[in-house]
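Fold and contact review
The primary structure of each chain is shown beneath.
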Amino acid sequence: MKKVWLWLLLCVLAAVVCIPMYFLIDGSLMGKGEVTEYLAPVMQNKNGFASFRLLPMYPTLRSYVELLLDSPEFFVMFWNSVKLTLLILAGQLVTGVPAAWGFARLRIPGKRMLFQLYVILMLMPFQVTMLSNYLTLDRLRLLDTHAAIILPAVFSTFPVFLMYRFFENIPESILESARVDGAGSWTIFRKIGVPLGSSGIVSAMVLGFLEYWNLIEQPLVFLKDKSLWPLSLYLPNIGLEEAGMAFVASVVTLIPSLLVFFAGGEYLEQGIAASAVKE
Amino acid sequence: MEIQSLWQIKWGQKGESSTQKKALRYLAAFLALMVLCTLLSGAADALTLARIKTEAIRPMSLKHDTSLSGTLSPKYEQAVFTLPDQKVSSVQVKEGDMVKEGDILFQVDLEELEEQLERARDELKKAEYQQKDTNSAGALEAKEKQKAEARAREDYDHTLEEADRKIREAEAAWADAQARLDIIRDKTVTPETDADAGQGYTQEQKQQDINSLEQETDARKQDYDAAVAEKEEKMRNAGRQVEDASSPSPSNHSNAIAELDQKEIERRIQKLEQLKEDGGAVRSTMDGVVKKLETATGQITSSTMAALLTDTSNGYRFEAAASKNEIKYLAVGDEVTLDFGDQYEPVSGLRIESIEAAGEDSDQSLISLDVPPQKEKLPSTAELKASRTTKKYTAVVPVEALRVEKGKYFLYMPSEKESVLGKITVVERVDVEILDKNDQYAAVEGAFLESNEVLVHSNKTVNTGDRVRKEES
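In this report, the structure presented in the accompanying data block is examined. (Residues numbered from 1 in each chain as written. Chains lettered and ligands numbered in written order. Predicted model: local features only at pLDDT ≥ 70, side-chain atom pairs only at ≥ 80, totals over all residues. Heavy atoms only, no water.)

So, about the pattern of salt bridges. Under the defined criterion, the tally for this structure stands at 37 salt bridges over all chains. Between A:Glu172 and A:Arg179 there is a salt bridge, with the nearest N and O atoms lying 3.6 Å from each other. Across the pair B:Arg317 and B:Asp370 runs a salt bridge, and its minimum N-O distance is 2.5 Å. Of this pair, B:Arg317 sits in strand β8 (residues 307-323) while B:Asp370 sits in strand β12 (residues 364-371), placing them 53 residues apart in sequence. Given a relative accessible area of 22%, B:Arg317 falls into the partly exposed group. Taken together, the salt bridges that share partners define one network made up of B:Asp176, B:Arg180, B:Glu216, B:Arg220 and B:Asp223. (Salt bridge = Lys/Arg side-chain N within 4 Å of Asp/Glu carboxyl O. Helix = DSSP H or I, 4+ residues; strand = E, 2+ residues; numbered from the N terminus. Buried < 20%, exposed > 50% of the residue type's maximum accessible area, 1.4 Å probe, protein only.)

Moving on to the interface of chain A and chain B. Taken together, the contact pairs 34 residues of chain A with 31 residues of chain B. Interface area for chain A against chain B, summed over the two sides, is near 2,900 Å², with a carbon-plus-sulfur share of 75%. Remark: the boundary between chain A and chain B carries zero salt bridges. Run the count over chain A and chain B and you get two residue pairs in polar contact (both at pLDDT 80 or more). Of all the secondary structure elements, the ones that give two or more residues to the side of chain A that touches chain B are α3 (62-70), α4 (72-105), α11 (198-213) and α13 (243-278) of chain A. (Contact = heavy atoms within 4.5 Å. Buried area = accessible area lost by both parts, 1.4 Å probe. Polar contact = N/O pair within 3.5 Å; in protein donor to acceptor, adjacent residues only side chain to side chain.)

If you walk through the whole model with that rule in mind, you get 19 aromatic pairs over all chains. Considering the side-chain rings of A:Phe74 and A:Tyr234, the 5.3 Å spacing of their centres and the 75° angle between planes classify their relative orientation as edge-to-face. Of this pair, A:Phe74 sits in helix α4 while A:Tyr234 sits in the loop between α12 (217-222) and α13, and the two are 160 residues apart along the sequence. In terms of burial, A:Phe74 and A:Tyr234 fall into one category: buried. For the ring pair A:Phe209 and A:Trp213, a centre distance of 5.5 Å and an interplane angle of 10° mean the geometry is stacked. Here the residue A:Phe209 and the residue A:Trp213 both occupy positions in helix α11, the gap between them amounting to four residues, near one helical turn. A relative accessible area of 3% means that A:Trp213 is categorised as buried. Taken together, the ring pairs connect A:Phe78, A:Trp79, A:Phe209, A:Trp213 and B:Phe30 into an aromatic cluster. The residue whose ring lies beneath B:Arg429 is B:Phe410, and the NZ or CZ to ring-centre distance is 3.9 Å. (Phe/Tyr/Trp six-rings, centres within 6.5 Å; stacked < 30°, edge-to-face > 60°. Lys NZ or Arg CZ within 6 Å of the ring centre and 35° of its normal.)

There is a patch of like negative charges on the surface, built from B:Glu154, B:Asp155, B:Asp157 and B:Glu161. Mapped onto the fold, B:Glu154 is located in helix α3 (residues 110-186). (Patch = residues over 30% accessible without salt bridge, like charges linked within 9 Å, V, L, I, M, F, W, Y side chains within 5 Å. Areas by Shrake-Rupley, 256 points an atom, 1.4 Å probe, with all protein chains shown as cover. Lys, Arg positive; Asp, Glu negative; His and termini not counted. Charge placed at Lys NZ, Arg CZ, Asp CG, Glu CD.)

Written out as structure tokens, the structure is:
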């Protein structure tokens, strides 16, 4: 009996969480007039409240067609997002993984202090470091280029932190036995560290994807040229007339995140579970 | 145990973890779909994008070509007259014929001519006789007048003589009376005695004598005065008569008039005789074209012109009527060319002589100019061609670029904008004022954009703010 109630409660909570996504898909199938009607009170400062139906009265794929076939701007931004995300993740793989391994496994003087610094930096919100970032990028003449987003993100501290945890969990004995067998640091890292910490790496990548796919602040501040903007900046440009397109754009933006999560979510779980097991 | 749990974490092997694989497959498919949609939307955009042709706004001067049709008429005209009241027996030319000096235009009836000649001669004789009569009458009149004048003078002299004589007589009588009076006054008075009664001279007697003499004297004086007055009057009358008799007679040029009349008749006779000698032919007085013929066979000639000859050797006059709009770019003194079509050579280097309002209608104007004589005879219609170049305007655009909405002119100018798609070209509307315009170009004034180009042609309708693509020229 208790289970049933628990189950019901969880369902209700889950439904509450899922409603926005449902409305998103719902709205993307509505015609322009319908959407405008529902959202006018909000968007046009009229009296009354915005309302929404559970199912569209006049479903149509018009917004999809308009967005996917009639708006080249959307695709420019989409591929910008793809480019940014892939490059950032690649860069993080290249720099973050060794860094995490180094923090976890190597003996470096001042390691602790450096790591503390890392943690502090990780805790700071973007707004705090925004100005100094801007000045640095300006000096380096990287403003208004994709590198202004990619480079700071590549050297971001969060993935390092995540992966560090996983590398730390690897038993020392394995490494030692490997060293005894004659493996060098690099070989140990490559052949033992990476495979064993792969779940950590993947979960860092997945979280990284989710973060960088939806990046808003950095592009808004550092990119002036509109042709460099990522997809996350498409929505602020839309007004009430194109609310249908806004819904569709949101759906399209959502899909890769969903798919990536489905692809790599298991590792996330596993990684979290593994770290729990350790302690 | 740790190692075991860690070793459990493996890569998903093939066959296991279908969710993960499905998700990866879907992700790949999604990306492929995105690629496809990118290409499709790009293609659709390219199709819907208006392609435009532009031209730069540049400083230029505008050329205004004016073309008017008008008539060409020979400048020199001469009328041919002949004697009136002649009967036209035959006409040798018609309107439009070219004649040379001396060519016969028409002929008059000789019989009629002869009769007229006779009549004229008789008239002359009559006039001569009349003159003679008038002359003799005049002479006679003069003589009579002379006589009257002489007589009046005679009378005057005679009257004067008479009057003087009378005055003298009266004066003498008066003097006499006065003298006697004086004597009596001086006579001594002798007192009267009884003895010499009737012999003495008494005071009473003296007084009586004095009185009567005084009376007499007065009477004589009065006579004298009367005589003087009479003379005055008589002389006045006589003088007037002399005046009247000698007043000049009115001028009498009847002689001269008669002479002139006769001369005219003589001239007419001469002309008639000349015409008769020529066989009654009326000839052309110059080389030219018969523009008008006022006579016809069987008609009587009048004193107005019988024929109108025009001469092309003195040039032509070109005249054209045009509305105010058409002559906007013409002014007196402008150099023009007259075009006659294929058959004749155009004449250039001519200047407009005058542009005036044609009659009451202020909208129409008459343009005229002189054309010097040409080698060949020119036709009667011609096309005036003039071209005027205005000053250099700073901004000139092709006329195709002009658009109008609600009476206001505007242009579309491309401007570069930054957008998500990179640098795009957008057209913006720019309102302009037209300063001058001809068929091909218009000089405009307005707030131009940086690009300094205007949209001349577009394969789709565009509105302000639309994205466009410039066509490579």
